[in-house]
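Fold and geometry: a report
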Amino acid sequence: QAFKVLKRANLQLFIDWALQEVSNGKYSSSLIQLAALTPPYTPFDVNDLLNNTLTEIGVKILSDSDAINAFVYELLGKYDNEEIDSESLLHLLNDLHIDSLGLRVLSLTDFYLLNWTIKDFEYGNISTHSPEIKGVDEVYSILQKKINEWKFEYQTLFSNESRE
């Protein structure tokens, strides 16, 4: 859903997902149709089938902001599980920060600044984005702290919403 919100989705990504779901034993008429799509197809065809599929298989459709927050939470989990490295994580979060401006997502500004702080240190021994940080090692220490804070805020927000 996050890719759809950000308008970055490759339509084939949704078709591949549908094929994977069918191979995992899921079934709905729209899922089968989505999995069977072959080019040429339009974004409208894919989006209609995707929305119908998600409804038919009982996937909760998230708001745009919630989809981005859930995607960030998933990315942070992948980092914690060492499935993604720190540079890739910061690059993705930097892009998400920029692309999600105007949406009500949990703040990604700290990650944006850490990304550019590392880039500053690639060119010298001082950062213009975070002058209080003295080196790359300190950035990685701060990164883990910011990840923990963001995940705590996310869990707090969504556990409170589920009780309402």
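Scroll up to find the structure.
A brief report on the enclosed structure follows. (Residues numbered from 1 in each chain as written. Predicted model: local features only at pLDDT ≥ 70, side-chain atom pairs only at ≥ 80, totals over all residues. Heavy atoms only, no water.)

Considerations on the pattern of salt bridges
Two side chains carrying opposite charge are able to pair once their charged atoms lie near each other. Convention followed: The rule for a salt bridge is simple: a side-chain nitrogen of Lys or Arg has to be within 4 Å of a carboxyl oxygen of Asp or Glu. Elements are defined by DSSP. Helices are runs of H or I of four residues or more, strands are runs of E of two residues or more, and each kind is numbered from the N terminus.
Counted under the stated rule, the structure contains five salt bridges. Between Lys145 and Glu149 there is a salt bridge; the shortest N-O distance is 3.6 Å. Remark: Glu149 and Lys145 occur in helix 8 (residues 136-163); sequence separation between them is four residues, near one turn of the helix. The salt bridge partner of Glu149 is Lys146, with a shortest N-O separation of 3.5 Å. Taken together, the residues span about one helical turn, with Glu149 and Lys146 both in helix 8 at a distance of three residues. Three or more residues are tied together by salt bridges with common partners; here these are Asp110, Lys145, Lys146 and Glu149.

Things to note about the packing of helix 3 (residues 29-36) against helix 4 (residues 43-56)
We apply this condition: Here, axes are lines fitted to C-alpha atoms. For helices the fit covers the stretch in contact, and angles between N-to-C directions go from 0 to 180 degrees. Note on convention: the crossing is left-handed when the near helix lies turned anticlockwise from the far helix by less than a right angle, right-handed when the turn is clockwise. Residue contacts follow a heavy-atom distance rule, with two residues in contact if any of their heavy atoms lie within 4.5 Å. We call Asp, Glu, Lys and Arg charged. Ala, Val, Leu, Ile, Met, Phe, Trp, Tyr, Cys and Pro are nonpolar, and the rest, Gly among them, are polar.
Here helix 3 crosses helix 4 at 145°, and the two axes come no closer than 8 Å. Remark: the crossing between helix 3 and helix 4 carries left-handed chirality. Facing Ser29, Ser30, Leu31, Gln33 and Leu34 of helix 3, the residues of helix 4 in contact are Val46, Leu49, Leu50, Asn52, Thr53 and Glu56. By residue class, the composition of the contact of helix 3 with helix 4 is five nonpolar, five polar and one charged.

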